[in-house]
Amino acid sequence: MEETVKKGPSRKECEKSIRRILITEILQNGKNKHFRMATDFLPFFESLYSASDSLTKQVQRAVKAMNMPKDEDGYYIIDRTPEQVDQDKEIHALFEKANADLVDLSECETLFLLLEKDYRSYINFLINRSDTFRDKFVTTIETENGLLFYTQDKKKLEQVLQRLMLS
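Rules and cut-offs
In this numbering scheme, every chain counts its residues from 1 along its sequence in written order. Local features in this predicted model are restricted to residues whose pLDDT is 70 or higher, and side-chain atom pairs enter the listing and the counts only when it is 80 or higher, whereas totals over whole chains, interfaces and linings include all residues. Hydrogens and water are ignored here; the side-chain numbers use all heavy atoms of the structure. The numbering of helices and of strands both runs from the N terminus, where a helix is a DSSP run of H or I of at least 4 residues and a strand a run of E of at least 2. The term polar contact refers here to a pair of N or O atoms within 3.5 Å; inside protein, the definition further demands a hydrogen-donor-capable atom paired with an acceptor-capable atom, and it admits residues adjacent in sequence only when both atoms are side-chain atoms. It only takes one pair of heavy atoms within 4.5 Å for two residues to be counted as in contact. The criterion for an aromatic pair is that two Phe, Tyr or Trp rings (for Trp, the six-membered ring) have centres within 6.5 Å, with stacked assigned to planes under 30 degrees apart, edge-to-face to planes over 60 apart and tilted to the rest. Only protein chains enter the calculation, and the probe is 1.4 Å; a residue is then buried if its accessible area is under 20% of its type maximum, exposed if over 50%, and partly exposed in between. Here, over-ring charges are defined by two tests on the NZ atom of lysine or the CZ atom of arginine: distance to the ring centre within 6 Å, and angle to the ring normal within 35 degrees. Put simply, a salt bridge is a Lys or Arg side-chain nitrogen that is within 4 Å of an Asp or Glu carboxyl oxygen.

Asks: Explain the side chain of T151 here, please?
Replies: As for its placement among the helices and strands, T151 is situated in strand β3 (residues 146-151). At a separation of 2.6 Å, a polar atom in the side chain of T151 contacts the main-chain carbonyl oxygen of K136. For T151, the residues in contact, after removing those within four places along its chain, are C108, E109, K136, F137, V138 and L157.

Asks: Help me understand the packing of aromatic side chains, please; the structure alone is not making it clear to me.
Replies: By the definition in use, this model includes five aromatic pairs. When the ring of F35 is compared with that of F41, the centres are 4.6 Å apart and the planes differ by 10°; the resulting orientation is stacked. Taking the relative accessible area as the measure of exposure, F35 reaches 13% and is therefore buried. For the pair F137 and F149, a centre-to-centre distance of 5.5 Å together with 75° between the ring planes defines the contact as edge-to-face. Taken as a pair, F137 in the loop between α5 (117-129) and β2 (139-142) and F149 in strand β3 lie far apart in primary sequence, 12 residues in all. Take F137 and F149: they sit in the same class, and that class is buried. Joined through ring pairs, the aromatic side chains of F35, F41 and Y76 make up one cluster. Between the NZ or CZ atom of R36 and the centre of the ring of Y75, over which it lies, the distance is 4.3 Å. Directly above the aromatic system of Y76 lies the positively charged group of K70, at a separation of 4.9 Å from the ring centroid.

Asks: Is there a simple way to explain the pattern of salt bridges in this structure?
Replies: In a structure, side chains of opposite charge can pair up when their charged atoms sit close to one another. All told, the structure shown has seven salt bridges when counted by the stated rule. Of the charged contacts, one joins K31 and D71 as a salt bridge, the two residues approaching to 3.8 Å between their closest N and O atoms. Linking K31 in the loop between α1 (11-29) and α2 (42-48) with D71 in the loop between α3 (53-66) and α4 (82-97), this pair joins segments that are 40 residues apart in sequence. By relative accessible area, D71 is classed as buried at 17%. Residue D131 is joined to R134 by a salt bridge in which the shortest nitrogen-to-oxygen separation is 2.6 Å. When salt bridges that share partners are traced, they join K31, D71 and D73 into one network.

In short, geometric facts, not functional conclusions.
What follows is the structure, encoded as structure tokens:
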């Protein structure tokens, strides 16, 4: 009786396995913490196929064909292309320069200021630059009929608006 020897995997099979390995790694650890080089995948493949130079080369070809970017620590990133990583770096740098911060608008109340169309944009411009309105609202949105304010203190904003409308 002949013994059947597992033939080595194709490059596509290697790619699928590598993808599964990295996805499992991310699901278990939140990020890739173990795979920096093609040779880091070899123990997995060598547990299924006999170790050989051709197996090593096939795994290396698969990793190269996948064109995976690496994170700042040198670990492969499976869920983004090199272009996405570059875009993300640029966005990150701009967020830092702009002192970006997330504001949960579900904590805000809304207030609507009805305005004629011809005045909306200019009034919005002035309010957004006004010292009087500083810290009275999170943001304004120009709408078809006026300005929509998101505020964390509706009463204060309403008082300032009322005062300016009546004076």
